[in-house]
Amino acid sequence: MTVPALLTAQACVDQVHVILGSGPLAASRCFKSLEVGAHPVIITPNAADLHFNLFACIEDGRVRHIERDFEEEDLQTLGREEVEGYVDAVFVTLPAKEPQVANIANLCKRMRIPVNVVDAPHLCTFTLLSAYSDGPLQIGITTSGNGCKLSSRIRREIASALPPKFGAAVDRLGTVRRRIWEEDYKSQTANSTEVIDAEVDDDDGAAQKHTFNSLVREDDKDPGVLRTRRMRWLSQICEYWPLSRLAAITDDDVSAILEAYRTTAQPPALDSDSSNHLMPALPLHRGTITLAGSGPGHPSLLTIATRTAIDNAHLILADKLVPAEILALIPRRTPVHIARKFPGNADAAQEELLQLGLNAMKQGKDVLRLKQGDPYLYGRGAEEFSFFRERGFEVRVIPGITSAMSAPLFADIPVTHRAVADQVVICTGTGRKGAAPEPPSYRPSKTVVFLMALHRLESLVQTLTVASQDSGNPPHARRLWPVTTPCAVIERASCPDQRVIRSTLEHVVQAVEEEGSRPPGLLVVGKSCEVLHKLEEGKAWLVEEGFRSLDSIGSSPSELIVLKELEQASTREVVPTKTA
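In this report, the structure presented in the accompanying data block is examined. Quick caveat: nothing in here was measured; it's all calculated off a predicted structure.

Cut-offs applied
- Sequence positions are assigned chain by chain, starting from 1 and proceeding in written order.
- Totals for whole chains, interfaces and linings use all residues, but because this is a predicted model, local features are given only for residues with pLDDT of at least 70 and pairs of side-chain atoms are given and counted only at 80 or more.
- For the side-chain quantities, the full set of heavy atoms in the structure was used; hydrogens and water were omitted.
- Residues grouped as a nonpolar core are buried Ala, Val, Leu, Ile, Met, Phe, Trp, Tyr and Cys residues, joined through side-chain atoms within 4.5 Å.
- Using a 1.4 Å probe on the protein chains alone, a residue whose accessible area is under 20% of its type maximum counts as buried, one over 50% counts as exposed, and one in between counts as partly exposed.
- The way it works is that DSSP assigns letters per residue, a run of H or I at least four long becomes a helix, a run of E at least two long becomes a strand, and they are numbered from the N terminus.
- Domain delimitation follows an automatic or database domain assignment.
- Whether two residues are in contact is decided by their heavy atoms, any of which lying within 4.5 Å being enough.
- Here, a strand pair is defined by DSSP locating no fewer than two bridges between the strands.
- Comment: axis = line fitted to C-alpha atoms, over the contacting stretch for helices; angle = value between 0 and 180 degrees taken between N-to-C directions.
- The arc in question is traced by the directions running from the helix axis to the C-beta atoms.
- Throughout this description, the term salt bridge denotes a Lys or Arg side-chain nitrogen within 4 Å of a carboxyl oxygen of Asp or Glu.
- Left-handed describes a crossing whose near helix is turned anticlockwise from the far helix by less than a right angle; the clockwise case is right-handed.
- Nonpolar residues are Ala, Val, Leu, Ile, Met, Phe, Trp, Tyr, Cys and Pro. Charged residues are Asp, Glu, Lys and Arg, and all others, Gly as well, are polar.
- We define a polar contact as two N or O atoms separated by no more than 3.5 Å, with the added condition that, inside protein, one atom must be a possible hydrogen donor and the other a possible acceptor, whereas residues neighbouring each other in sequence contribute only through side-chain atom pairs.
- Seen with the strands pointing away from the viewer, any crossover whose path from the first strand over the helix to the second strand runs clockwise is right-handed.
- Side-chain rings of Phe, Tyr and Trp, where Trp is taken by its six-membered ring, are said to pair if the distance between their centres is within 6.5 Å; with planes under 30 degrees apart they count as stacked, over 60 as edge-to-face, and otherwise as tilted.
- Remark: a charge is flagged as sitting over a ring if the NZ atom of Lys or the CZ atom of Arg is within 6 Å of the ring centre and within 35 degrees of the ring normal.

### Overview of the nonpolar core
Then, number 1: By size, the foremost hydrophobic cluster in this structure holds 31 residues, and its most contacted members are Leu-234, Leu-246, Ile-310, Ile-316, Leu-327, Leu-368 and Leu-370.
Then, number 2: Sorting the residues of this core by element identifies strand E7 (137-141), helix H6 (166-189), helix H8 (229-240), helix H11 (304-312), strand E9 (315-318), helix H12 (324-327) and strand E11 (366-371) as the ones contributing at least two each.
Then, number 3: Among the elements that take part in this core, H6 stands out by supplying five residues, more than any other.
Then, number 4: When residues of this core are assigned to domains, at least three fall in each of domain 2 (166-190 + 207-262) and domain 3 (289-401).
Then, number 5: Apart from the residues lying within four places of it in its own chain, the contact partners of Leu-368 are Thr-290, Ala-292, Ala-309, Ile-310, Ala-313, Leu-315, Ile-316 and Leu-317.
Then, number 6: The next biggest cluster of nonpolar side chains, apart from the first, holds 25 residues, and it includes Val-448, Cys-487, Leu-505 and Val-512.

In structure tokens:
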């Protein structure tokens, strides 16, 4: 089994890279070194053997050439003065079967000098990735020495799926992040020693904190929470918006967005021309509004009616959590507005959507309100129906497959099962204004699905399993849930990055805190969670990554075997640990 390498991005400006060899591979390593701002030194005994590209670089002074055989002292004398003459890296492009190659690699290892040897992974301390670069955006692929051609193919596939010139969008979003930091952090902390718990936006792909979607109330007076409001919003649009939409952001969009989110008390003004110039000119007729559910996430789970509505709409108002794969189905000609909702701003963003839809219909346009899951299951569908009907417009509602039923199915949890579960209860984990709703009473044969609950998972589990200590309330009549009750957190159901955390009420909070958050997600509680998958004794939780079942429809038997092996390989079990 190949041990994975630690992938890093190294700053190489002004470093000294020694390159041994004279052929095309040496030229390739030389150009890579020049691209990252290093100073390559070519050591080869015969200048006549130099590749023509290397010769040109030496002629114009960009590359230093030493015409002799490599000497051990080169590793300690050709480098920078600040590191006492040691070179920063060595690239060996000589044939790996030559005896001196292994000796050079061993010398480098003893001196802690990074060394790369062509076609000899066992001699390397680092390898070069098959890289794609677009401004600040860099994507690197490695197969850990198991096939450079495959790395190149994967890189091309990924790069071709990106919007054109996406690096400019990355740079622009970086500018937004710096502006938010300067406005919301530096000015606030100039005379303070307070440590701000910002949403860290790192490049290492670490799991989001379990507080990623924590509520931010409009009346919250905590200055730390208020300062992080816009940074969290930026993190969430980077997480939820489709890449094509992010790539289309302009400098004017950035300024408008930053201004709109200086406060969450009122929605941004909608009477400017900025939202109307995208509308196509159409013959005037009475506009319509369609409320449609996009299902749990996978595009194949859209109803035919919803897909038709997507193709025919003049304007689409989409929830933030509608997956990028579904938004990608929207015709390029159709303007799309994605709800600018983040915790604490839901009402203002909802009002913005309603007004955008109303303005468009007054112009005779057919509007599609695209919602996650099903419009009427905690989706404000009835509220929107009433809003538009009261203003004299026809409203059509198209159902969608709700994650409350489909997510457990994709996690192999039968919410009803003979002799185990004879009823299903669907609950919200968050009521109006963030209030905690009354949880259902325990019954051994009951399965409960909690939507919108992961941001307050700890308090929810506490309410389910511990009697209330509030002396102002009468004794609780409901039965408490045993802490040993099986449960599961299901995130991004039916999407390729679906994740299932199987646990019990005793350990599920710790599991989510340690594994991080991958919203949207839900919590399933009840004995049905262990009908098909039961935790081994002594295991606190089990993490299952990925979902490919729908993509495998029509695959050959051998492909199905490979997919099953991939799913099994992405499963981890965790044993319980004592916590204070």
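### Some points on the sheet that holds strand E16 (residues 499-504)
Then, number 1: Spatial ordering of the open sheet is given by E13-E14-E17-E15-E16-E18-E19, a layout of seven strands whose pairing is mixed. Two strands close off the open sheet at either side, each with one partner strand: strand E13 (423-428) and strand E19 (571-574). Across the sheet, the axes of successive neighbouring strands diverge by a mean angle of 15°, strand direction being ignored.
Then, number 2: Relative to strand E17 (residues 521-525), strand E15 (residues 486-491) is paired through five bridges, and the arrangement is antiparallel. If you follow Ile-490 over to E17, its bridge partner there is Leu-522.

### Observations regarding helix H2 (residues 52-59)
An α-helix turns once per 3.6 residues; consequently, residues spaced three or four apart project the same way.
Then, number 1: Of all the positions in H2, only Leu-54, Cys-57 and Ile-58 are classed as buried. An end-on view of H2 places all buried positions within 100° of arc, on one side of the element. Exposed positions of H2 whose direction lies more than 90 degrees from the buried face are Phe-52 and Glu-59.
Then, number 2: Against helix H1 (24-35), strand E2 (39-43) and strand E3 (64-66) lie the buried residues of H2.

### Some points on the pattern of salt bridges
Then, number 1: Following the criterion strictly, the structure yields 20 salt bridges and no others.
Then, number 2: Taking the shortest distance from any N to any O, the salt bridge between Asp-60 and Arg-62 comes out at 3.3 Å.
Then, number 3: The exposure class of Asp-60 is partly exposed, given its relative accessible area of 46%.
Then, number 4: Glu-545 is the partner of Arg-518 in a salt bridge, and the nearest nitrogen-oxygen pair spans 2.8 Å. With Arg-518 in the loop between helix H17 (508-515) and E17 and Glu-545 in strand E18 (residues 541-545), this residue pair connects regions lying 27 residues apart in the sequence.
Then, number 5: Among the residues examined, Arg-518 registers a relative accessible area of 19% and is labelled buried.
Then, number 6: One connected set of salt bridges, linked through shared partners, spans Asp-319, Arg-369, Lys-371 and Glu-384.

### Considerations on H17
Then, number 1: Taken across its eight residues, H17 has six buried, putting it largely inside the fold.
Then, number 2: Turning to H17, its buried residues are Val-508, Val-509, Gln-510, Ala-511, Val-512 and Glu-515.

### Examining the packing of helix H13 (residues 346-362) against helix H14 (residues 381-390)
Then, number 1: The interhelical angle for the contact between H13 and H14, taken along N-to-C directions, is 40°, at an axis separation of 11 Å. In this structure, H13 crosses over H14, and the sense of that crossing is right-handed. Contacts from Gln-350, Leu-354, Gln-355, Gly-357, Leu-358 and Met-361 in H13 reach Glu-384, Phe-387 and Phe-388 in H14.
Then, number 2: Among the residues forming the contact of H13 with H14, the class breakdown is five nonpolar, three polar and one charged.

### Brief notes about the side chain of Asp-319
Then, number 1: Note that Asp-319 resides in the loop between E9 and H12.
Then, number 2: Classification of Asp-319 by relative accessible area gives buried; the value is 14%.
Then, number 3: Within polar-contact distance, the side chain of Asp-319 engages the side chain of Arg-369 at 2.8 Å.
Then, number 4: Look past the residues within four positions of Asp-319 in its chain and what remains in contact with it is Ile-338, Ala-339, Arg-369, Leu-370, Lys-371 and Gln-372.

### Observations concerning the pairing of E2
Successive side chains on a regular strand alternate, one facing one side of the sheet and the next facing the other.
Then, number 1: Of all five residues making up E2, four are buried, and the element is well covered by its neighbours.
Then, number 2: Read from strand E1 (residues 16-20) through H1 to E2, the crossover connection turns out right-handed.
Then, number 3: Judged from the three bridges that link them, E2 and E3 form a sheet pairing that is parallel. In the strand pairing of E3, Ile-43 is matched with Ile-66.
Then, number 4: In this fold, the crossover linking E2 to E3 by way of H2 has right-handed handedness.

### Quick word on unusual backbone geometry
Then, number 1: For the bond running from Pro-519 to Pro-520, omega is 0°, close enough to zero to count as cis.
Then, number 2: Along the chain, Pro-520 falls in the loop between H17 and E17.
Then, number 3: Despite not being glycine, Tyr-378 has its phi angle at roughly 55°, a positive value.
Then, number 4: Assignment of secondary structure puts Tyr-378 in the loop between E11 and H14.
Then, number 5: In the Ramachandran plot, Arg-380 falls in the positive-phi region, its phi being about 60° despite a non-glycine side chain.

### Observations regarding the sheet that holds strand E4 (residues 89-92)
Then, number 1: Here five strands make up an open sheet; going across it, the order is E3-E2-E1-E4-E5 and the pairing parallel. Unpaired on one side and paired on the other, E3 and strand E5 (115-117) mark the two borders of the sheet. Shown here is a sheet whose adjacent strand axes are inclined to one another by a mean of 20°, direction ignored.
Then, number 2: Taken together, the three bridges between E4 and E5 define a ladder with parallel strand orientation. In the strand pairing of E5, Val-90 is matched with Val-115.

### Some details on the packing of aromatic side chains
Then, number 1: According to the stated counting rule, one finds four aromatic pairs in the structure shown.
Then, number 2: When the centroid spacing of 5.1 Å and the interplanar angle of 90° are considered together, the rings of Phe-387 and Phe-388 count as edge-to-face.
Then, number 3: Summarising the aromatic geometry, the rings of Tyr-442 and Trp-481 are spaced 5.0 Å apart at their centres and angled 75° between planes, so their arrangement reads as edge-to-face. Of the two residues, Tyr-442 sits in the loop between E13 and strand E14 (446-451) while Trp-481 sits in the loop between helix H16 (457-465) and E15, which places them 39 residues apart along the sequence.
Then, number 4: On the accessibility criterion, Tyr-442 (13% relative accessible area) is buried.
Then, number 5: Lying across the ring of Phe-387, Arg-391 places its NZ or CZ 3.7 Å from the centre.

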